[in-house]
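# Structural overview
Residues per chain, in single letters:
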Amino acid sequence: MKRLFKLLPCLMVGSCALSAGPIFYTSLTSFTTAVGTTPASFGFDSIISGSSGTGAYATASGLTLNDFQFVGTKGNGTYYLGAEGPLYYGADYNRGTGSSIQGPGLISSFYQISNGQLTITMPSGGVTAFGLQLWDVLTYDTTGAGTDTVDLTVNGSSGSVVTPAFTGTAFIGFTSSTPVTSVTLTGTTAEEFPTISQVYYSTVIPASTAPEPGTLVLMAGAFSALVLSLRHKRNAGADRHRA
């Protein structure tokens, strides 16, 4: 009996993996491989009129698109969230990926931000994989020189990526064995504003976190043996009482 209890944790490794923390990725290719299928995705062209258009969502309700809610807070009870076409302001928003939304920088004297963060709330039921294509926009700049280390925080765990200056985009994402209902995105440098052009997500448990079929068979066998052993002990105790 004691040996069985010692063996159970080893047989339950597959089950334990299902409750592990998020795994972060800074490559869309690696993220897609981990998901096991092409993730669903969406951009922000639908909320912008024309390549030079802009929109403001600096409210407590923010922006809801495809059942994802984006709310930018400034740390002082007010809000910051904008949407921009690629030609809105110099080269800052034109990374060849269409329209974008911009959350608050961590700190900005110009925009009166003391502790900025973007909170993203997932659709009902949560997601098991989530990723963002992004870069940074620097206050007072029109050349696209913005760059920063951006943190994505999921249930107390964080992954980071450095956004590129002038051209290209970065990627930050995660997979999780259990559904995630919200995340936060924050910068680390004053006057740098994280800007997102594409969202990727999945609600399927990633293949890398699912237990192998053989593990499931072993787990079932171990639990069956445990039930039989407990039943045998109970019957033996009842026999002693009758004696």
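That block above? That's the structure.
Quick notes on the rules
- Residues numbered from 1 in each chain as written.
- Predicted model: local features only at pLDDT ≥ 70, side-chain atom pairs only at ≥ 80, totals over all residues.
- Heavy atoms only, no water.
- Helix = DSSP H or I, 4+ residues; strand = E, 2+ residues; numbered from the N terminus.
- Buried < 20%, exposed > 50% of the residue type's maximum accessible area, 1.4 Å probe, protein only.
- Contact = heavy atoms within 4.5 Å.
- 1 Å grid on protein atoms, 1.4 Å probe; cavity = no way out; pocket = protein on both sides within 12 Å on 5 of 7 lines; lining within 4 Å.
- Points joined across faces, edges and corners; volume = space filled by probe spheres on them.
- Pairing = 2+ DSSP bridges.
- Axes fitted to C-alpha atoms, helices over the stretch in contact; angles between N-to-C directions.
- Phe/Tyr/Trp six-rings, centres within 6.5 Å; stacked < 30°, edge-to-face > 60°.
- Arc of directions from axis to C-beta.
- Polar contact = N/O pair within 3.5 Å; in protein donor to acceptor, adjacent residues only side chain to side chain.
- Core = buried A, V, L, I, M, F, W, Y, C linked by side-chain atoms within 4.5 Å.

Time to look at the overall build of the chain. The secondary structure content of the chain amounts to four helices and 14 strands. Within the chain, the proportion of its 243 residues that are buried is 43%. Here the contacts in the chain between residues at least 6 apart in sequence split such that 74% fall between residues at least 24 apart.

With that settled, consider the layout of surface pockets. Quantified by volume, the largest pocket comes out at close to 380 Å³. Only strand E3 (54–56), strand E6 (82–84) and strand E9 (127–138) provide two or more residues apiece to the lining of the largest pocket. Looking at which element gives the most residues to the lining of the largest pocket, the answer is E3, with three residues.

Before going further, it helps to examine the sheet that holds strand E4 (residues 63–65). Within the open sheet, the six strands sit side by side as E4-E5-E8-E13-E10-E11. Their pairing is antiparallel. If you trace the sheet from one side to the other, it starts and ends with E4 and strand E11 (157–162), each paired once. The mean angle between the axes of side-by-side strands here comes to 20°, regardless of whether they run parallel or antiparallel. In this sheet, strand E13 (residues 182–186) lies alongside strand E8 (residues 117–121) in antiparallel orientation, the contact comprising four bridges. Each bridged residue has a counterpart across the sheet, and for Leu-118 the counterpart in E13 is Leu-185.

So, about the packing of aromatic side chains. Applying the stated criterion across every chain yields a total of 18 aromatic pairs. When the ring of Phe-42 is compared with that of Phe-44, the centres are 5.9 Å apart and the planes differ by 75°; the resulting orientation is edge-to-face. Judged by relative accessible area, Phe-42 falls into the buried class, the value being 6%. Here the aromatic rings of Phe-110 and Tyr-140 are separated by 5.4 Å at their centres, their planes lie at 80°, and the arrangement is edge-to-face. Of the two residues, Phe-110 is situated in the loop between strand E7 (100–102) and E8 and Tyr-140 in the loop between E9 and strand E10 (149–154); the sequence distance between them amounts to 30 residues. A relative accessible area of 62% means that Tyr-140 is categorised as exposed. Through pairs of rings, three or more aromatic residues link up here, namely Phe-24, Phe-42, Phe-44, Phe-68, Phe-70, Phe-130, Phe-174 and Tyr-201.

With that out of the way, let us pick up the pairing of E9. Regular strands place side chains that alternate from one sheet face to the opposite one. In terms of burial, E9 is a largely internal element, 11 of the 12 residues being buried. Here E9 runs beside strand E12 (residues 170–180); their pairing, made up of seven bridges, is antiparallel. Across the sheet, Leu-132 pairs through a bridge with Ile-172, a residue of E12. Pairing of E9 with strand E14 (residues 192–202) involves 10 bridges; the strand directions are antiparallel. Of the residues in E14, the one forming a bridge with Ala-129 is Ser-202.

Buried within helix H3 (residues 28–35) we find Phe-31, Ala-34 and Val-35. Seen from one end, H3 has its buried residues packed into an arc of 100°, which puts them on one side. Turned more than 90 degrees away from the buried face of H3 sit Thr-29 and Thr-33, all of them exposed. Against the buried residues of H3 lie strand E1 (23–25), E9, E12 and E14. If you check the start of H3, you find a side-chain oxygen 3.3 Å away from the backbone N of Thr-29, and it comes from Ser-27. Just downstream of H3, Gly-36 is the residue with a positive phi angle, here 95°.

Moving on, we come to the nonpolar core. Ranked by internal contacts, the top residues of the largest apolar core, which has 30 residues, are Phe-44, Phe-70, Ile-120, Phe-130, Leu-132, Val-183 and Ile-196. If you list the elements that add at least two residues to this core, you get E4, strand E5 (68–73), E8, E9, E10, E12, E13 and E14. In contact with Val-183, other than residues within four places in its own chain, are Leu-118, Thr-119, Ile-120, Met-122, Phe-130, Leu-152, Thr-153, Val-154 and Phe-174. Counting residues in hydrophobic clusters, the runner-up holds seven residues, among them Tyr-25, Phe-31, Ala-34 and Phe-171.

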